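Structural characterization, general
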Amino acid sequence: QSKAAALILSCSAQQAAFMALSSSSAIRHHSFSLFATTHSSLVPPASHRTASSIVEAAPLRERRASPLINIPATLSSLLHLHLERKPDDRSVGLPPPAVGRNNPTVSPKEDIASLFPEIHGYADWSPLLNPLHPWLRREIIKYGEFAQATYDAFDFNPLSEFCGSCLYGRHRLLDKLGLARNGYRVSKNVYAMSHVELPRWLERSLHADAWCTESNWMGYVAVSDDAESRRIGCRDIVVAWRGTIAPTEWFEDVQGKLVPFGDAHANVKVEHGFLGVYTSKSDRTRYNKTSASEQVMEEIKRLVSHYRQRGEEVSLTITGHSLGGALALLNAYESAATIPDLPISVISFGGPRVGNVAFGEKLKEMNVKVLRVVVKQDMVPKMPGILFNEGLKRFEHVTGTLEWVYTHVGLELGLDVRSSPYLKHGLDVAGFHNLETYLHLVDGFLSSDKEFRGNARRDVALVNKASGMLRDELHIPPCWAQMANKGMVCNAYGRWVKPAREPEDIPSPYREEAQLGFCASRM
């Protein structure tokens with residue numbers, strides 16, 4: 001009892017620290033400033049070049065951020081944010097770049113079919129994680145880039161009539177983002193709404209002629225082409241779920257209420273806000289007459305049936321960042337319960353806890369492989385369940401199984417901001433949660449006891465695409481990925497106007513249904 005009381009007091013201290021951190025106006029302003037310009041309507045180029053000029057406003061930005069750095073160290077200690085610096089971590093300059101600016105940012109693709117059971121099949125990932133196998137590293141980054149595409153192709157501009165939609169039609173989505181090299185094609189877009197009031201999780205257009213007022217583009221389903229399928233050893237179906245932007249708002253938006261995951265799974269409970277986004281639908285809407293769950297499951301079942309009839313080995317890999325990581329777990333659970341003998345993997349980045357112990361145990365029982373990529377300094381994976389989580393398992397001999405306690409599932413690949421010589425080590429709540437920060441750290445990770453990989457090839461400048469995490473000595477401006485002139489163009493008459501979208505890029509549920517039917521008839 002005394003141990004339980006001590007634990008609850010410790011959890012209460014963590015909650016108090018987190019509330020102080022979340023309610024800080026400085027941090028709230030800081031997290032929004034990192035993303036406000038970038039996500040007004042983000043269209044990154046297919047290739048990224050490192051900026052060479054020094055941003056004059058950087059010193060001012062650092063002065064404004066100084067209250068964050070001076071927050072008492074006890075806050076980060078209570079929240080286990082691991083902000084203390086390694087000894088002499090700034091006693092030497094930046095390491096020389098592993099490759100020049102004219103060298104490719106990706107390594108040649110290897111044939112990894114021999115490791116199909118371990119990477120995409122039922123075998124355990126554990127032997128490949130520490131040290132991290134280079135083939136698995138490449139696959140983790142590949143799926144992380146698929147998740148990043150849901151941000152890069154999302155229209156965040158509230159003044160656009162298409163705010164909340166995908167900027168591109170599905171046939172050219174990956175090509176426009178420079179991801180066609182991965183060897184996948186998008187087969188279906190997925191839309192979501194929510195009956196739960198979560199205003200910061202779904203974007204709303206302020207335009208009078210908005211394309212939709214209830215739904216958001218929430219991700220897509222893609223499938224590997226013949227060449228990629230031969231390389232990895234199976235026909236891989238990918239579902240990429242879009243996440244959220246500012247982590248400081250999670251404490252307000254996550255309700256922390258566990259509800260049953262359907263009538264047939266009464267003891268399996270999940271966070272009701274996540275479930276609301278996944279299962280909500282309404283006949284009043286154009287895009288969510290069926291829920292995100294129904295849309296994605298219909299497409300997964302169609303693709304699995306088609307390729308199995310052709311005698312192919314089929315796998316399902318579900319990925320997502322932040323909220324997208326939560327939706328990925330719900331999607332994996334439903335897929336495993338619906339489609340027997342299908343290898344299912346989840347690779348999530350900065351994902352929160354989703355359900356109770358029964359939820360995690362059922363996923364394990366159904367052979368769903370889960371790899372959670374987690375940055376130690378990121379707060380979102382610590383929620384919900386800051387107070388009551390898997391740490392209470394040590395008291396199960398006294399309390400029994402607690403159905404209302406949140407728990408993480410699967411294996412964890414733990415990353416540390418301090419491991420990279422390119423990243424700042426001050427407190428940057430949004431930067432810690434940034435998906436590009438995650439991908440940078442994965443690219444440099446060798447093992448838990450080794451330094452950052454010296455020959456990492458992924459472009460370091462991508463970290464600052466939507467954050468300011470890179471050290472000032474690199475002279476890469478923060479939040480550099482912005483649309484020229486905020487999307488305005490000068491027409492033939494000399495007037496500045498918003499350009500019209502290409503017909504294929506205008507969202508239309510009827511066109512998508514027609515295209516899907518046409519593709520099915522040709523498969």
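A brief look at the structure comes next. None of these values were measured; they are calculated from a predicted model.

A few words on the overall build of the protein chain. The secondary structure content of the protein chain amounts to 17 helices and 13 strands. Buried residues in the protein chain amount to 54% of all 523 residues. Here the protein chain has roughly 22,900 Å² of accessible surface; of this, 54% comes from carbon and sulfur atoms.

The next point concerns the pattern of salt bridges. The full count for this structure, using the stated rule, is 25 salt bridges. Between Lys281 and Glu294 there is a salt bridge; the shortest N-O distance is 2.9 Å. Taken together, the residues span a long stretch of sequence, with Lys281 in the loop between α10 (272–279) and α11 (292–309) and Glu294 in helix α11 at a distance of 13 residues. The exposure class of Lys281 is partly exposed, given its relative accessible area of 39%. A salt bridge links Glu436 to Lys465; its shortest N-O distance comes to 3.0 Å. On the criterion of sequence distance, the pair formed by Glu436 in helix α16 (residues 435–444) and Lys465 in the loop between α16 and β12 (489–490) is long-range, its members being 29 residues apart.

Moving on: α10. Every α-helical turn comprises 3.6 residues, leaving residues that sit three or four positions apart pointing alike. With respect to burial, α10 is a largely interior element, seven of its eight residues being buried. Within the span of α10, buried status applies to His272, Gly273, Phe274, Leu275, Gly276, Val277 and Tyr278. Near the N-terminus of α10, the side chain that reaches the backbone nitrogen of Gly273, with its oxygen 2.7 Å away, is that of Glu271.

Once that is clear, we can look at the sheet that holds strand β3 (residues 235–241). Across the sheet, seven strands lie side by side as β1-β2-β3-β6-β7-β9-β11; this open sheet has mixed pairing. Lying at the two open borders of the sheet, with one neighbouring strand each, are β1 (184–192) and β11 (411–415). With strand direction ignored, the average angle separating the axes of adjacent strands in the sheet is 15 degrees. Where strand β6 (residues 314–321) lies against strand β7 (residues 344–349), six bridges are found, and the strand directions are parallel. Its bridge partner lying in β7, Gly320 is registered against Ser348. Along the sheet, helix α12 (residues 323–338) makes contact with β2 (216–224), β3, β6, β7 and β9 (369–375), crossing β6 at roughly 155 degrees. Strands in contact with α16 are β6, β7, β9 and β11; relative to β9, the strand with the most contacts, it is inclined by about 100 degrees.

Another aspect to go through is the nonpolar core. The biggest cluster of nonpolar side chains holds 66 residues, and the ones touching the most others in it are Ile140, Phe146, Leu173, Tyr220 and Val373. Counting residues per element, this core draws most heavily on helix α6 (residues 134–152), at eight residues. What Val373 contacts, discounting residues up to four positions off in sequence, is Ile140, Ile347, Ser348, Phe349, Gly350, Leu413, Leu415, Tyr438 and Val442. Ranked by size, the runner-up nonpolar core spans 47 residues in total, among them Val268, Leu316, Ala328 and Leu363.

Rules of the game
- Residues numbered from 1 in each chain as written.
- Predicted model: local features only at pLDDT ≥ 70, side-chain atom pairs only at ≥ 80, totals over all residues.
- Heavy atoms only, no water.
- Helix = DSSP H or I, 4+ residues; strand = E, 2+ residues; numbered from the N terminus.
- Buried < 20%, exposed > 50% of the residue type's maximum accessible area, 1.4 Å probe, protein only.
- Areas by Shrake-Rupley, 256 points an atom, 1.4 Å probe, with all protein chains shown as cover.
- Salt bridge = Lys/Arg side-chain N within 4 Å of Asp/Glu carboxyl O.
- Polar contact = N/O pair within 3.5 Å; in protein donor to acceptor, adjacent residues only side chain to side chain.
- Pairing = 2+ DSSP bridges.
- Axes fitted to C-alpha atoms, helices over the stretch in contact; angles between N-to-C directions.
- Contact = heavy atoms within 4.5 Å.
- Core = buried A, V, L, I, M, F, W, Y, C linked by side-chain atoms within 4.5 Å.

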